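Topology and contacts: notes
Given next are the chains, with one letter for each unit.
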Amino acid sequence: MGRVRANIDVFHAVADPTRRAILDRLQAGGVAVAKLAAGFAMSRPAVSKHLRVLRDARLVRKDKEGRERVYRLTPGPLRDVSQWVESYEGFWPATRDHRGA
């Protein structure tokens, strides 16, 4: 089976644990950038850089609501990651018994 064609930016975006945490927080709905940044032990500009990577990968979108910028999850590009991971499912039963061997 050939490798699923995917946008490399999506793989890069989800490779970082902070960006995965941001995506996890956005699953429940839109979050204002100030509230989102407050949940991390880093500066707001650092969180903004992570959000930029996620926007470039089309995993989130930014909406302006009044004075606030609200980020929302756009999970469509994650299908590429899901399809790629699923292509390895046939190996999991065979290797599950050999962990640590």
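The structure this text deals with has already been given above.
To keep things clear, this report deals only with the structure shown in the data block.

Time to look at unusual backbone geometry. Its identity as a non-glycine residue notwithstanding, Arg58 has a phi of 65°, on the positive side. With respect to the secondary-structure elements, Arg58 resides in the loop between α4 (44-56) and β2 (60-65). By relative accessible area, Arg58 is classed as partly exposed at 47%.

With that settled, the discussion passes to the packing of aromatic side chains. Enumeration according to the criterion identifies three aromatic pairs in this entry. A centroid spacing of 5.7 Å and a plane angle of 85° characterise the contact between Phe11 and Trp84, whose relative ring orientation is edge-to-face. With Phe11 in helix α1 (residues 8-15) and Trp84 in helix α5 (residues 78-86), the pair connects residues that are 73 residues apart, well separated along the chain. Residue classification places Trp84 among the partly exposed positions, given a relative accessible area of 27%. Each residue in the set Phe11, Trp84, Tyr88 and Phe91 is aromatic and connected to the rest through ring pairs, giving one cluster. Against the face of Phe40 rests Arg25, its NZ or CZ located 4.0 Å from the ring centre.

Take the packing of helix α2 (residues 17-26) against α4 next. Where α2 meets α4, the axes come as close as 10 Å, and the angle between the chain directions of the two elements is 75°. For the element pair α2 / α4, the angle class is roughly perpendicular. Residue-level contacts link Thr18, Arg19, Ile22 and Leu23 of α2 to Val47, His50, Leu51, Val53 and Leu54 of α4. Residues that form the contact of α2 with α4 fall into these classes: six nonpolar, two polar and one charged.

Strand order across the open sheet formed by three strands is β1-β3-β2, with antiparallel pairing between neighbours. Only two strands of the sheet have a single neighbouring strand rather than two, namely β1 (31-32) and β2. Sheet analysis places β2 next to strand β3 (residues 68-73), joined by six bridges and oriented antiparallel. Looking at β3, one finds that Lys62 is bridged to Tyr71. Here α2 sits on the sheet in contact with β1, β2 and β3, set at roughly 95° to β3. Its contacts with the sheet place α4 against β2 and β3, and it is angled at close to 120° to β2.

The rules we used
- Residues numbered from 1 in each chain as written.
- Predicted model: local features only at pLDDT ≥ 70, side-chain atom pairs only at ≥ 80, totals over all residues.
- Heavy atoms only, no water.
- Helix = DSSP H or I, 4+ residues; strand = E, 2+ residues; numbered from the N terminus.
- Buried < 20%, exposed > 50% of the residue type's maximum accessible area, 1.4 Å probe, protein only.
- Phe/Tyr/Trp six-rings, centres within 6.5 Å; stacked < 30°, edge-to-face > 60°.
- Lys NZ or Arg CZ within 6 Å of the ring centre and 35° of its normal.
- Axes fitted to C-alpha atoms, helices over the stretch in contact; angles between N-to-C directions.
- Parallel < 35°, antiparallel > 145°, perpendicular 65-115°, else oblique.
- Contact = heavy atoms within 4.5 Å.
- Nonpolar A, V, L, I, M, F, W, Y, C, P; charged D, E, K, R; others polar.
- Pairing = 2+ DSSP bridges.

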